[in-house]
Amino acid sequence: IKSSAASDVYKRQLLISVKQNKELTALYFILRLVIIFIFVLNIIRGKYESAMTCGLTFILMLIPSFIDRSLHIELPSVLETFMILFVFSANILGEIGSFYEKIPFLDTILHTLNGFICAGVGFGLTDILNRSKKVKFNLSPIFVCLFSFCFSMTAGTAVSYTHLTLP
């Protein structure tokens, strides 16, 4: 009986979320359909590495929903949109579609976008701390900007370093 009540609550929350973010929901739906189609196509063609990339991309695209539902942290829809487009562009278009070879500056664009996404995540983290009733922080706007910048630079450096060192 408890699982039925929890399921009803989940369904209600999902419907509210879909009604509030129609564009984001449509984007998620379309990108997931494309990933599933490419996954099945790669399985049929015997390209198991590309199929695994599709599977991992699908899982990565579930992370914002997981954060929202499990941790009760609502990501701004613009940040969430950029995150899922980045994951899709880097993995599906860049790796599987060979867009890194077809569009020489795509890698630079995605690394730049990654920096902005990391800055948004850093800003979001400090904003969550500022608004939290459990954590007693009152951070100045200058500190929030400095933290966002440092977070972005650190994450961007880590991503670039692993990108350069991995074969």
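All of the points below concern the structure found in this document. Computed from a predicted model, the values in this text were never measured in an experiment.

1. Topic: the overall build of the protein chain
On a plain count of helices and strands, the protein chain comes out with seven helices and zero strands. Helices (α) and strands (β) of the protein chain occur, in sequence order from the N terminus, as α-α-α-α-α-α-α. For the protein chain, with 167 residues in total, the buried portion stands at 23%. Across the protein chain, every contact between residues at least 6 apart in sequence was considered, and the portion connecting residues at least 24 apart equals 62%.

2. As for unusual backbone geometry
Positive phi values are uncommon outside glycine, yet S98 reaches one of about 60 degrees. The topology assignment puts S98 in the loop between helix 4 (77-96) and helix 5 (99-102).

3. Here we look at a nonpolar patch on the surface
Together, I36, F39, V40, I43, I44 and Y48 give the surface a local cluster of nonpolar side chains, amounting to about 580 Å² of exposed area. A per-element tally of the nonpolar patch places helix 2 (residues 22-45) first, with five residues. Structurally, F39 can be placed in helix 2.

Reading the values: rules and limits
Residues numbered from 1 in each chain as written. Predicted model: local features only at pLDDT ≥ 70, side-chain atom pairs only at ≥ 80, totals over all residues. Heavy atoms only, no water. Helix = DSSP H or I, 4+ residues; strand = E, 2+ residues; numbered from the N terminus. Buried < 20%, exposed > 50% of the residue type's maximum accessible area, 1.4 Å probe, protein only. Contact = heavy atoms within 4.5 Å. Patch = residues over 30% accessible without salt bridge, like charges linked within 9 Å, V, L, I, M, F, W, Y side chains within 5 Å. Areas by Shrake-Rupley, 256 points an atom, 1.4 Å probe, with all protein chains shown as cover. Salt bridge = Lys/Arg side-chain N within 4 Å of Asp/Glu carboxyl O.

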